[in-house]
Amino acid sequence: MDAVYLEIRKIARKIVARYPRPAFYHDHPFEVRDSRRFFQCNPSIIRLRKEMAGCLDDDFGHGMGHVEKVAIDAGTLVIIESRLDGQTENRVQRNLLLAQCAGLLHDICRKEKSHAEKGAEAASDILKTYPLVPDEITHVCTAIRNHEAFAHPERLPSHQAHKISDCLYDADKFRWGPDNFNHTLWDMVSFLNPPLATFVDHYPKGMALLKKIRGTFRSRTGRLYGPQFIDMGLAIGEELFQVILTDFINRP
């Protein structure tokens, strides 16, 4: 990464560090804990994590660090949503498995055109070797096809499929908040290496997309907490942009 971007990234991370963790994590500590333990201990998730580690690059902002966060947050969301529905604990655990599989697999084809559709096809092939029934594989793949922002989601065959899809989407869009300015943006900058003037020219367009994503959260829990993630991202991004304009853009 160019030295000027390293300097800007350092400033961005200092700005992010001033913000508290989003309320989602404080309000649901037990569900966060349960999802993280499952992620660390479930044999199928451990196996899939190892498999994905050999498939994903961190150079486009959607590598292992990204998908692990999405998987854990999707798991947390699906625990909350499943228990709100009064589902049995066995069903909660099964939904948790599917949500975390979807989280780990959703960006497997991130650099390809129609990445959600191609990612679903790749996920279907991978999951055939895992202890999932065909309907469960279908639910995971449908969620992956439906995770792309600003795309019209396909009709879903069941309430369970709807739940997995919504929780994956919301967990992925949580990353558009503080995470965007802590990690994702700089991974993409490192990969694309744009001139600073180009970066500054595109910055307002990126902020406009953040504003647009705010109203797209799908699950009950995502609609409750997702806007705060985005509001934090907007505040961080606006402060950082003023620093860039003041201290970097006219630098000799």
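Quick note: structure is the one above.
On a predicted model such as this, the values are computed, not experimentally measured, just so you know.

Draft legend 1. Representation of helix α10 (residues 178-192) in the model. Between the first and last C-alpha of α10 there are 21 Å, a value that for 15 residues agrees with the 21 Å anticipated at 1.5 Å per step. The axis of α10 is deflected most strongly, by about 40°, at T184. Each element contacted by the buried residues of α10 is listed here: α1 (3-17), α5 (64-84), α11 (196-213) and α12 (220-247). Where α10 ends, the next residue or the one after it, N193, has phi of about 50°, a positive value.

Draft legend 2. How the structure looks around the nonpolar core. Residues I8, L105, F181, W186, F199 and L240 are the most contacted members of the largest nonpolar core, which totals 74 residues. No other element matches the 10 residues that α5 contributes to this core.

Draft legend 3. A look at the packing of helix α3 (residues 29-41) against helix α6 (residues 89-105). It is the contact of α3 with α6, at a shortest axis distance of 11 Å, that shows an interaxial angle of 70°. Put simply, α3 runs roughly perpendicular to α6. Classified by chirality, the crossing of α6 by α3 is right-handed. Two secondary-structure elements touch here, α3 through D34, S35, F38 and F39 and α6 through Q93, L96, L97, Q100 and L104. In the contact of α3 with α6, the residues fall into 5 nonpolar, 3 polar and 1 charged.

Draft legend 4. A look at the pattern of salt bridges. Per the stated rule, a full pass over the model turns up 14 salt bridges. Residue E81 is joined to R220 by a salt bridge in which the shortest nitrogen-to-oxygen separation is 3.0 Å. You can see E81 sitting in helix α5 and its partner R220 sitting in helix α12, a full 139 residues away along the chain. When its relative accessible area of 5% is taken as the criterion, E81 is described as buried.

Draft legend 5. Spotlight on the packing of aromatic side chains. Counted under the stated rule, the structure contains 11 aromatic pairs. Note on F24 and Y225: the rings are 5.7 Å apart at their centroids and 65° apart in plane angle, and the pair reads as edge-to-face. Taken together, the positions of F24 in helix α2 (residues 23-27) and Y225 in helix α12 put the pair 201 residues apart, joining distant regions of the chain. Relative accessible area serves as the criterion here: at 0%, F24 is assigned to the buried category. One aromatic cluster in this structure is built from F24, Y25, F174, F217, Y225 and F229. Here the guanidinium or amino end of R21 rests over the ring plane of Y25, the centre of that ring lying 4.2 Å away. A cation over a ring is seen here: R218 above Y169, with NZ or CZ 3.6 Å from the ring centre.

Draft legend 6. Inspection of unusual backbone geometry at higher detail. The phi angle at N193 is positive, at roughly 50°, despite the residue not being glycine. One can find N193 in the loop between α10 and α11. What makes N193 partly exposed here is its relative accessible area of 48%.

Draft legend 7. Up close: the environment of F191. For F191, the position within the fold is in helix α10. Judged by its relative accessible area of 38%, F191 falls in the partly exposed class. Sequence-wise, F191 and G237 are 46 residues apart; in three dimensions their C-alpha atoms are separated by 20 Å.

Draft legend 8. Focus on the side chain of D107. Summarising the element assignment, D107 is placed in the loop between α6 and α7 (115-127). Residue class for D107 comes out buried when judged on its relative accessible area of 2%. Within the local environment of D107, its side chain forms a polar contact with the side chain of H66, the two groups lying 3.2 Å apart. In terms of polar contacts, D107 uses its side chain to reach the side chain of H106, at 3.1 Å.

The rules we used
Residues numbered from 1 in each chain as written. Predicted model: local features only at pLDDT ≥ 70, side-chain atom pairs only at ≥ 80, totals over all residues. Heavy atoms only, no water. Helix = DSSP H or I, 4+ residues; strand = E, 2+ residues; numbered from the N terminus. Expected span 1.5 Å × (residues − 1). Bend = angle between axes of the 7 residues up to and from the residue. Contact = heavy atoms within 4.5 Å. Core = buried A, V, L, I, M, F, W, Y, C linked by side-chain atoms within 4.5 Å. Buried < 20%, exposed > 50% of the residue type's maximum accessible area, 1.4 Å probe, protein only. Axes fitted to C-alpha atoms, helices over the stretch in contact; angles between N-to-C directions. Parallel < 35°, antiparallel > 145°, perpendicular 65-115°, else oblique. Left-handed = near helix turned anticlockwise from the far one by under 90°. Nonpolar A, V, L, I, M, F, W, Y, C, P; charged D, E, K, R; others polar. Salt bridge = Lys/Arg side-chain N within 4 Å of Asp/Glu carboxyl O. Phe/Tyr/Trp six-rings, centres within 6.5 Å; stacked < 30°, edge-to-face > 60°. Lys NZ or Arg CZ within 6 Å of the ring centre and 35° of its normal. Polar contact = N/O pair within 3.5 Å; in protein donor to acceptor, adjacent residues only side chain to side chain.

Nothing here speaks to function; it is geometry throughout.
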